[in-house]
Every structure is written in structure tokens, then in C-alpha cells.
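# Close look at the chain arrangement
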Amino acid sequence: MAYFPASMPKPTPNFDDRDFWNTCTKRQLRFQTCADCGEPRHPPGPVCPYCSSFKVRWAEVEGAAVLYTYTVIHHASHEAVAGNLPYVVGVVTFPDLPNVRMVTNVTNINPSLVHIGMHLRLWWDDVGDGTWIPRFSPVDKLPA
Amino acid sequence: MSNRRVAYIAGVGQTEFKRHGGIMDRSQFQVAAEAVLAALADAGMTPADVDGFASFSNDANEAALMQVALGVPQLRWMSMVWGGGGGGSCAAIAQAAAAIQAGYAHTVVVYRGLCQGQSRRFGRFGEGRTHGNFVHPYGLFAPAQMLALQIRRHMYLHPQIHEEHLGMIAVNSRANANRNPHAIMYGKPMTLEDYFKTRYIAEPLRLFDCCLESDGGCAIVVTTESRARDAPTTLVRILAAGHGSGPGWGSGPLGSQNMPDADYGSTNSRLIARELYASAGVSPEDIDTAQIYDHFSGMVLMALEEYGFCDLGGSGEFVAQGNIAWKTGKLPINTSGGQLSEAYVHGMNVAIEGVRQMRGQSTSQVDDARLCLITGGLGVSPTSALIIGRD
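Bear in mind the structure is a predicted one, so any value in this text is a computation, not a measurement.

### Examining the overall build of chain A
For chain A, the count of helices and strands is 1 helix and 7 strands. What you see for chain A is a C-alpha radius of gyration of 16 Å, in line with the 15 Å of a compact globule of 144 residues. With the principal axes as the frame, chain A shows a C-alpha extent of 45 × 35 × 30 Å. Here chain A, with 144 residues, has 36% of them falling under the buried criterion.

### Brief notes about the pairing of strand S8 (residues 214-224) of chain B
In regular strands, side chains alternate between the two faces of the sheet. Residue and element names in this part refer to chain B. Across the 11 residues of S8, 10 count as buried, placing the element largely inside the fold. As paired elements, strand S1 (residues 7-14) and S8 share 7 bridges and run antiparallel to each other. Bridging from a neighbouring strand, Gly11 pairs with Val221 of S8. Two strands pair when backbone bridges link them, and strand S2 (residues 18-19) and S8 are joined in this way by 2 bridges, in the antiparallel orientation. Note on S8: the bridge partner recorded for Lys18 is Asp215. Here 9 bridges tie strand S5 (residues 107-115) to S8, and the two strands are oriented antiparallel to one another. When the bridges of S8 are listed, Val108 appears paired with Val222.

### Some points on the interface of chain A and chain B
Contact with chain A, which involves 30 residues of that partner, is made by 30 residues of chain B. Mapped onto the side of chain A that touches chain B, the elements with two or more residues apiece are strand S3 (64-73), strand S4 (87-94) and strand S5 (97-106) of chain A. Sort the elements by how many residues they give to the side of chain A that touches chain B and S3 of chain A lands first, with 6 residues. Partitioning the side of chain A that touches chain B into residue classes produces 17 nonpolar, 10 polar and 3 charged.

### Quick notes on the environment of Ala63 of chain B
Mapped onto the fold, Ala63 of chain B is located in helix H2 (residues 63-70). In this view, Ala63 of chain B contacts Phe53, Ser55 and Met78 of chain B; residues no more than four positions away in its chain are not counted.

### A word on the packing of helix H5 (residues 163-177) of chain B against helix H10 (residues 297-306) of chain B
All names here are of chain B. Their axes nearest at 8 Å, the elements H5 and H10 cross at an angle of 95°. Between H5 and H10, the crossing angle belongs to the class labelled roughly perpendicular. The segment H5 lies against H10, with His165, Leu166, Ile169 and Ala170 engaging Ser297, Gly298, Val300 and Leu301. Of the residues in the contact of H5 with H10, the class split is 5 nonpolar, 3 polar and no charged.

### Considering the domain arrangement of chain A
All names here are of chain A. By the assigned domains, chain A splits into domain 1 (16-60) and domain 2 (62-144). The distance between the C-alpha centroids of domain 1 and domain 2 comes to 21 Å. Each partner contributes residues to the interface: domain 1 has 10 residues there, and domain 2 has 12 residues. Partitioning the side of domain 1 that touches domain 2 into residue classes produces 5 nonpolar, 2 polar and 3 charged.

### Some thoughts on the pairing of strand S3 (residues 52-56) of chain B
All names here are of chain B. Buried residues dominate S3, accounting for 5 of its 5 residues. By the alternation rule, side chains of S3 split into Gly52, Ala54 and Phe56 and Phe53 and Ser55, which are all buried. In this sheet, strand S4 (residues 77-81) lies alongside S3 in parallel orientation, the contact comprising 5 bridges. When the bridges of S4 are listed, Phe56 appears paired with Val81. Each parallel crossover has a hand, and the one from S3 via H2 to S4 is right-handed.

### Here's the deal with unusual backbone geometry
Geometrically, the link from His42 of chain A to Pro43 of chain A is a cis peptide bond, its omega value of 0° lying close to zero. Among the secondary structure elements, Pro43 of chain A is positioned in the loop between strand S1 (30-34) and strand S2 (56-60). The amide bond that connects Trp326 of chain B to the next residue, Lys327 of chain B, takes the cis arrangement and shows omega of -5°. Looking at the secondary structure, you find Lys327 of chain B in the loop between helix H11 (315-320) and helix H12 (338-342). A positive phi angle, close to 55°, is found at Ser57 of chain B, a residue other than glycine. Structurally, Ser57 of chain B can be placed in the loop between S3 and H2. For Ser57 of chain B, a count of 23 C-beta atoms within 10 Å puts it in the buried group. Even without being glycine, Asn58 of chain B reaches a positive phi, approximately 55°. Along the polypeptide, Asn58 of chain B turns up in the loop between S3 and H2.

Calculation notes
- Residues numbered from 1 in each chain as written.
- Chains lettered and ligands numbered in written order.
- Predicted model: local features only at pLDDT ≥ 70, side-chain atom pairs only at ≥ 80, totals over all residues.
- Helix = DSSP H or I, 4+ residues; strand = E, 2+ residues; numbered from the N terminus.
- Rg over C-alpha atoms; globule rule 2.2 N^0.38 Å.
- Buried ≥ 20, exposed ≤ 12 C-beta atoms within 10 Å, placed from the backbone.
- Pairing = 2+ DSSP bridges.
- Contact = placed C-beta atoms within 7 Å.
- Nonpolar A, V, L, I, M, F, W, Y, C, P; charged D, E, K, R; others polar.
- Axes fitted to C-alpha atoms, helices over the stretch in contact; angles between N-to-C directions.
- Parallel < 35°, antiparallel > 145°, perpendicular 65-115°, else oblique.
- Domains from an automatic or database assignment.
- Right-handed = clockwise from strand over helix to strand, strands pointing away.

Rendered as C-alpha cells:
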């Protein structure tokens, strides 16, 4: 069972981010990194904001993350989430990628217990059509 | 002051303000045109006096068609500020001022017409958001949810700011709206106790921490000093105007939240604030009233800090001490009720209230107000601001 219903908007990959989503289909979380200066960046884009290089490589993260900020959402701005209220949207950081922050969900926890600085672990949500979405949960509460 | 040309605001105009979907008897374009004509009438002008139009946020009411509709004989300036939602409101006024100062045009009308029932509600999921791939699959759909992330981070770094302080921003706006018969929330007073009874939308934001979703039109006439002197209205000078952004904000709050760490819990205004005061030759203590873009209460708290009215992290205490209250506080803010309680016309109604303060025409008039700070949408890219003053 996917975390949200099937009517939830899915990513529609474009020129800049299709490599990100393609690696997600293999359940690998990789971030774009400049092949010249080595600085990672997110969201993916065509040119390095630090050295103007167009050369990219992709750096994989292991799945450990720290919660940078979050909000508990109580209002359905799209009908797909009405049955999930309240749910937690978080922004996470990764130990070795200082410039990268990713929006995700914090799942498998009572929203009132979510706090900035908590350690989280990646899990992959199969939303169908070969699309996998990276979401996070407390380290000791990974979904089966 | 150098001898460069200076831009003045000679006219302001607006239509009625209604809740989203409240104006369905005529087109959004007509609403925008009515606001333009109202602003021109206020300035003692007609469309024949206009030679420029400026707007922002991809306003669908195109300047070329506005020229046709109003029969403007010659346009010399048409500008549109990219992106940013309401972040471009003061930016459009800044571009109008730039056109006047550089001599490209002599009278530029800045306008915004917004009928959400004829387009879409801003507080809902919308297709086509840049970087939507990195927010929509997680249920991050609306600005309230996105900016709640920044507000939460700011409150974490500055734990002396409490939810009660968010509520004080909302209650202050409501009190001002209840003196303004044009406000959508006129006749609907609210106490802090009432505020705490309302539901969360996206923590820490409750319903009344979020701006209204409105229909209405607003326009402002920016012109040369000599034309402003011919107008029947009080001389209101644009002392400084600016727009722009720090790095990383274009894909920031409404995208993937990758603005710099040092700036994350901010309104993206630190750079512009410094330059604005320097350009105007004034400091925060000189400002008599501020009209701060209040899409969400927490962003107003952060703006009070970034525009130098209090220390970083000190906004909660500043507000709790009564400093923003009309008319006893030292910096009454959002005196028409702002976008939390007057109307949400993408910041243009907030700017008009600043002009009313300088003219002595506000329903919450600050005694002898001579200088006003006005901001555009906060925490987005671009953001923008003005300092205006009574000559």
C-alpha cells in the first residue's frame, strides 16, 4: 500500500530532474554533484552555481538523514490527502551533503512527537507505474 | 538628495474586495481596468495622461490590452516582474519608479486584478509549479504549508518566539480591519482566545495566520514630481524602491527548500533592507508605520527583525510589548487590516494603505505619519520593498 492514495500527484520528470527520478526507480537516492568542483546541489539543474560547470555526476546517500524543519498538515489542499490528515512534511539533510536539503514525509510516528534534529531513515514507497518515492521514518520504526 | 528625478505616487484606486469567487458579475480584466481608472481619477488624470503600465506575478490582464481598453494614445513603458507571487508587488512599483527616474516614461500605472473564482484558488494544489516534482508527491501543495517550514525553523532557532506571537499579528490586523469598512473582515472582531480556538492549517499556522483569498483590483499611479504637484492629492514621494533576492531562493520555499542555511528561516529581505534604508537615507527608527506583506503571520514577525525594528529573534517580544498596535505603539503595522483581514490583492492593497497613511486618510491613521515602509511578498524570490514619504 502506497502512503498516499493513487490520486496523489506523481513526479513528471523533465530534462533537469529525470536522472534523479530514474535512479529512484532503482531505489537509490542520488543527488546531483558537480563533476568539476565536487559541490552537491538540489534540486537538479543544468549548471553548477558554484563554478558554472555543466558536468555532473551523481552522489548516492545511504539513507540516514536528520530533520531540518517540518510542518504537520491539517488541511487538504488536494483531495488525495484528505484521508491522510494530519500528515508530516519534513525537510531533511544528509551527513555528507551539506548543501542539499530534500522535502519528504516523516511517517510512522505520532505527529506530536516529531522534532527538529531527529534522526530518520529512508524507505521507498511504491506509488505504482514504476515510480518510487523516498520517504523517511524514525530509525526504529521503518515500515516492513 | 541628488538632483536626479524623483518618482511620486499621485493616485491610488481600488474596487470592492470580496472573498475568492465573490466577483463573478464581470471579468477580472474589467476589475483591473476599473482599478486603473479609479487611481487615475484620484490623481486628477485620464488615460490620455498615461504612458506606462507595470505589473507582476504574470498578471493575466496584459498591458497591451489595457492600452486598447482604455484608449491610451502612446505607451513608453510596459514591464512585468517575473515570478514570486506577491513578491513582485513593490517590485512593479520600483520598476515604474525606475522608468520615471530614467525618463523612459512620465506616468506609469501599476495594477493588479485578481478574481480567484475566474482562475484558481491560490491555497490549493496547482499544476505546473516549477520544481513541483520535489514537493507535490509529498503533499506540500500550498504556500501556507511551504512557508510554515521556514517559520517553524525560525521558531526553533529562536525559541522565545511562541505561537501566541503569531496570534498577536493576526489579532492586530483584525482590530485594524474593524475600523476599515472596505475590509472583508470588517464587523468580525477577534480576540487572542478566538484565534487559539481555530484549527491548524499547517503547524504552527492556524486558519487566521493565513491571508484571505480574495477578489479585487488595485492600482497606483507613479509619476514625475511636476505632474504630482498638479494632482489634487498630497505629495507622496518614493524615497527608495528595490527588489531582488539572495542566492538559492528561486527554487527555495515554493520549490525544494534549498536556500542557504544562514538565510533559511528568513523572509529573504536582509540584503534588500540594508540597501533600501541606505538609498532612502533613513533608518528603521525613522519609520512611522509599516505595511508588511502579511500572507502568513510568522513572516511578518521575521520581517520586523530583518527590517531592523527589533533584534534577530526579538519580534515576539516586540509585538507582545504593543509596539505594532494602533495607535499607541511606536510602529503601527498593517493599518487597513492587511491581507490577513482587509483583502488579498497580492500586496497592492497593502501598498495603497501606505499611501493613505502618508495622506492622513487611513481609518487607523498614525499621527503625523511622514515615512512608511511597504514590503512585497516575503520569503519568496523576488521580494521587494519601498520607503515612501510625505513631502
